[in-house]
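Examination of the molecular architecture
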Amino acid sequence: MVLALISALGFGTLAIFGRLSELVGLSLSSLLAFRFALATPLVWLPLLYQGRLERLRGRDLGIAVLLGAGGYAAMSFLFLTGVNIIGAGLGAIVLYIYPALVVVLAALFLDERVTKLIVAAVAIAVAGVGLVVTGQPANVDFLGIGTVLLAAAVYAGYITLSGTILDRVSATVLTAHVIPAASVTFIVHGLLTGSAQVPATLDQWGVVLGIALFATAIPILTFFAAVTDIGASRTSIVSTLEPVFTVFLGALLLGETLSPISIIGGLAVLSGVFLVQYERARVTEPAESSR
């Protein structure tokens, strides 16, 4: 449980580092290129030491590259783009609709069983997002909201697609291949768009090292360690605290605030997602997560 909480806190800092990168003048593509490039050895070395890092080949390698270079890279870029428009806390809450979207996609394409409780939980989560958006001031940027919602949809697709190979590839090995593929995507993107930067100040290096270590390597490793100890389902349930940590850190470090209605909406999103995770754990216990 402690490992799962550490993972949730770590992933909860992602939006914070995204906001800080803008404040220190570091381009988003450069931030994400360094995030995944530096996180790759930080994740690989412990896995190599434990003898858990396997080399993917053929079709499985192709899927892993597609997931990293396409799905995970796109989700990260869209999410942090939206966060820099609407703020870390609000962005984290809106993104967290993705577990409900995963249920919909799994039901449509993977023939996963859907119970009445799951349907109700998805409805609660969707209604919560509606409250979060409408509860903010009139000048809330709907482009930012839409960008984060698109990130949630892409992430749901990423998780659904990764679920198709987790019966033969462990989530740990898959993630170890996804990370460097995402890094290459942003290196190429930065070079093609002229936005590539090498951190030039201590502040920029602090943000780069922080996002690679605290928002990527540590939460990934602790998530899989938690999955090993308490199972994927319980770990996913604890992970619903992730946006709570983001909201708290956004208020503490960035001075962000949410309206009372948005807070109620955020609680509805978390409640719906918690129920989704709980019911999926009860109905299909337990498939290894691809976080």
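Residues numbered from 1 in each chain as written. Predicted model: local features only at pLDDT ≥ 70, side-chain atom pairs only at ≥ 80, totals over all residues. Heavy atoms only, no water.

**Focus on the UniProt feature "transmembrane region" (unreviewed entry) in the chain**
Basically, it comes down to this: UniProt positions are given in the numbering used here, feature names are shortened, and annotations may be inferred rather than shown by experiment. Only DSSP runs of H or I with at least four residues qualify as helices, and only runs of E with at least two residues qualify as strands; both kinds are numbered from the N terminus onward.
The positions that UniProt labels "transmembrane region" (unreviewed entry) are, in the present scheme, residues 28-49, 61-80, 86-110, 117-136, 142-161, 173-192 and 204-225. The span residues 61-80 shows a helical share of 100% and a strand share of 0%, and its end C-alpha atoms are spaced 27 Å apart. Secondary structure across residues 142-161 comprises 100% helix and 0% strand; the distance between its end C-alpha atoms is 28 Å.

**Remarks on the UniProt feature "domain: EamA" (unreviewed entry) in the chain**
UniProt records the feature "domain: EamA" (unreviewed entry) for residues 2-133 and 143-276 in the present numbering. Secondary structure content for residues 2-133 is 84% helix and 0% strand, while the C-alpha to C-alpha distance between its ends is 32 Å. Spanning residues 143-276, this segment combines 81% helix with 0% strand, and its end C-alpha atoms are found 28 Å apart.

**Considering the side chain of Ser29**
So the rule is basically this: Partly exposed describes any residue whose relative accessible area lies between the buried limit of under 20% and the exposed limit of over 50%, with all areas from a 1.4 Å probe on protein chains only and scaled to the type maximum. We call two N or O atoms a polar contact when they sit within 3.5 Å, provided that within protein one can donate a hydrogen and the other can accept it, with sequence-adjacent residues counted only if both atoms are side-chain atoms.
The topology assignment puts Ser29 in helix α3 (residues 28-50). For Ser29, a relative accessible area of 3% gives the class buried. Here Ser195 takes part through its side chain, which lies 2.7 Å from a polar atom of the side chain of Ser29.

**Considerations on the packing of helix α1 (residues 2-12) against helix α10 (residues 202-230)**
Just so we agree on the cut-off: Inter-axis angles, ranging from 0 to 180 degrees, are taken between N-to-C directions of lines fitted to C-alpha atoms, where helices are fitted over the stretch in contact. Every angle not falling under 35 degrees, over 145, or within 65 to 115 is termed oblique; those three ranges are roughly parallel, roughly antiparallel and roughly perpendicular. Crossing chirality is assigned from the near helix's rotation relative to the far helix, an anticlockwise turn below a right angle marking it left-handed and a clockwise turn marking it right-handed. Contacts are assigned to residue pairs that have any heavy atoms within 4.5 Å of one another. Under the scheme applied, nonpolar residues are Ala, Val, Leu, Ile, Met, Phe, Trp, Tyr, Cys and Pro; charged residues are Asp, Glu, Lys and Arg; polar residues are all the others, including Gly.
The N-to-C vectors of α1 and α10 enclose an angle of 155 degrees; their axes lie 8 Å apart at closest approach. With respect to each other, α1 and α10 are oriented roughly antiparallel. In terms of crossing hand, the pair formed by α1 and α10 is left-handed. Facing α1, whose interface residues are Leu3, Ala4, Ile6, Ser7, Gly10 and Phe11, α10 presents Phe214, Ala215, Ile218, Pro219, Ile220, Thr222, Phe223, Ala225, Ala226, Asp229 and Ile230. Here the residues of the contact of α1 with α10 are counted per class, giving 13 nonpolar, three polar and one charged.

**Regarding the environment of Arg113**
Mapped onto the elements of the fold, Arg113 is located in the loop between α6 (98-109) and α7 (116-134). What makes Arg113 exposed here is its relative accessible area of 55%. The spatial distance from the C-alpha of Arg113 to the C-alpha of Val103 is 9.1 Å, given a sequence separation of ten residues.

**Considering the packing of aromatic side chains**
To be explicit about the condition: Centre distance within 6.5 Å is the pairing criterion for rings of Phe, Tyr and Trp, where only the six-membered ring of Trp is used; planes under 30 degrees apart are then read as stacked, over 60 as edge-to-face, and the remainder as tilted.
On inspection of all chains with the given rule, the structure shows ten aromatic pairs. Ring geometry for Phe34 versus Trp205: centroids 5.8 Å apart, planes at 75 degrees, classification edge-to-face. Taken together, the residues span a long stretch of sequence, with Phe34 in helix α3 and Trp205 in helix α10 at a distance of 171 residues. A centroid spacing of 6.2 Å and a plane angle of 50 degrees characterise the contact between Tyr72 and Tyr155, whose relative ring orientation is tilted. Highlighted residues: Tyr72 in helix α4 (residues 58-86) and Tyr155 in helix α8 (residues 142-162), separated in sequence by 83 residues. Exposure class is identical for Tyr72 and Tyr155. Each is buried.

**Points about helix α9 (residues 171-193)**
Two residues of an α-helix separated by three or four positions point the same way, owing to the 3.6 residues in each turn. How we decide: What a helix is expected to span follows from its residue count: subtract one and scale by 1.5 Å.
Between its terminal C-alpha atoms α9 stretches 32 Å, which fits the 33 Å expected from 23 residues at 1.5 Å a residue. Gly194 lies just past α9 and shows a positive phi near 75 degrees.

**Brief notes about the pattern of salt bridges**
Put simply, the rule reads: Salt bridges are identified by distance alone: a Lys or Arg side-chain nitrogen within 4 Å of an Asp or Glu carboxyl oxygen.
Applying the stated criterion across every chain yields a total of four salt bridges. Across the pair Glu256 and Arg19 runs a salt bridge, and its minimum N-O distance is 3.7 Å. Taken as a pair, Glu256 in the loop between α12 (242-254) and α13 (260-283) and Arg19 in helix α2 (residues 14-23) lie far apart in primary sequence, 237 residues in all. Of the charged contacts in the structure, one is a salt bridge between Arg168 and Asp167, with a shortest N-O distance of 3.7 Å. Looking at Asp167, the relative accessible area reads 66%, which means it is exposed. Within the structure, one salt-bridge network assembled from shared partners comprises Arg19, Glu22 and Glu256.

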